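So the chains spell out like this:
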Amino acid sequence: MNNKNLILVEPKLEEYSYEQKLLSDPDTMSYNAGYDVSYDGYHYDTGCIDFPESKWINDFEKRKEKDRFFAYIKDIELNEYVGYVNYHYNKNDNRYECGIVIEGKHRNKGYSKIGLKLLCEEAFKNGINELYDNFEKDRENTLKVFESIGFKIIEETKWKKFGEYVDGVVVCIKKEDLI
């Protein structure tokens, strides 16, 4: 796997069925299960999120805003999408937060590292100087991927997952640290 095999594609509205498929797949969304969140369509037991067609246009329009970016990760050799990346401005914390989701069947193939790097390059090209993310500390492979391109742990924290406190990390990458 190399950088030339993957590209980021900002999806057309009619392509949102791929995101709908990912968000409804318990294997893909298992990392997201067990949180005490209160957004519409979230399934506590699986981490899945309802994404009916009636919500597509609103998300499509919202993603055009200046402080947001959303794209599917496409393997051009396979000619198929393998996941998605995004960033958005979090007003409460005064920072840009990013995310990456790789479809369950495509995990452990190197897509995360390259997709995350492509996302960082896009953000930095758009004038953003730092990106943040957070996840459970015991997701060691996730941490390795983030650190492999230059993210650093800036904070250790805790939050509830399935009613129990778990250790978490906040990671950050600065433009000059991208590997």
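Structure: above.
Structure report, in brief.

Criteria and thresholds
Sequence order as written defines residue numbering, which begins from 1 separately in each chain. Side-chain atom pairs in this predicted model are given and counted only at pLDDT of 80 or more, local residue features only at pLDDT of at least 70, and totals for whole chains, interfaces and linings cover all residues. Side-chain measures were taken over the full set of non-hydrogen atoms in the model, leaving aside hydrogen atoms and water. For this analysis, a nonpolar core means a set of buried residues of the types Ala, Val, Leu, Ile, Met, Phe, Trp, Tyr and Cys, connected via side-chain atoms within 4.5 Å. Here's how the labels work: a residue is buried when its accessible area is under 20% of the maximum for its type, exposed when over 50%, partly exposed in between, all with a 1.4 Å probe on protein chains only. Each helix corresponds to a stretch of at least 4 residues labelled H or I by DSSP, and each strand to a stretch of at least 2 residues labelled E; elements are numbered beginning at the N terminus. By definition in these notes, contact holds between two residues if any of their heavy atoms fall within 4.5 Å. Within 3.5 Å is the distance limit for a polar contact, defined as a pair of N or O atoms, with the added protein rule that one can donate a hydrogen and the other accept it, and that residues adjacent in sequence qualify only through two side-chain atoms.

Points about the nonpolar core
Ranked by size, the top nonpolar core spans 28 residues in total, and within it Tyr-87, Cys-98, Leu-131 and Phe-151 carry the most contacts. In terms of residue count, helix 4 (residues 111-125) provides more of this core than any other element does, 8 residues in total. Dropping the residues within four chain positions of it, Cys-98 is found in contact with Asn-86, Tyr-87, Leu-116, Leu-119, Leu-131, Tyr-132, Asp-133, Phe-146 and Phe-151. Judged by nonpolar contacts, the second largest core, of 19 residues, contains Leu-22, Met-29, Tyr-35 and Val-101.

What to know about the side chain of Glu-19
Mapped onto the fold, Glu-19 is located in helix 1 (residues 16-23). Once residues within four sequence positions are removed from consideration, Glu-19 is found in contact with Phe-51, Arg-63, Phe-70, Tyr-72 and Tyr-84.

Comments concerning the environment of Lys-137
Counting through the fold element by element, Lys-137 comes out in the loop between strand 5 (130-136) and helix 5 (140-148). On the basis of relative accessible area, Lys-137 is assigned to the partly exposed category, the value being 34%. Put simply, Lys-137 and Tyr-111 are 26 residues apart on the chain and 21 Å apart in space, counted from C-alpha to C-alpha. Apart from the residues within four sequence positions on either side, Lys-137 is in contact with Glu-156, Asp-167, Gly-168 and Val-169. Here Glu-156 takes part through its side chain, which lies 2.8 Å from a polar atom of the side chain of Lys-137.

Note that every value here comes from positions in space, so none of it alone points to a role or purpose.
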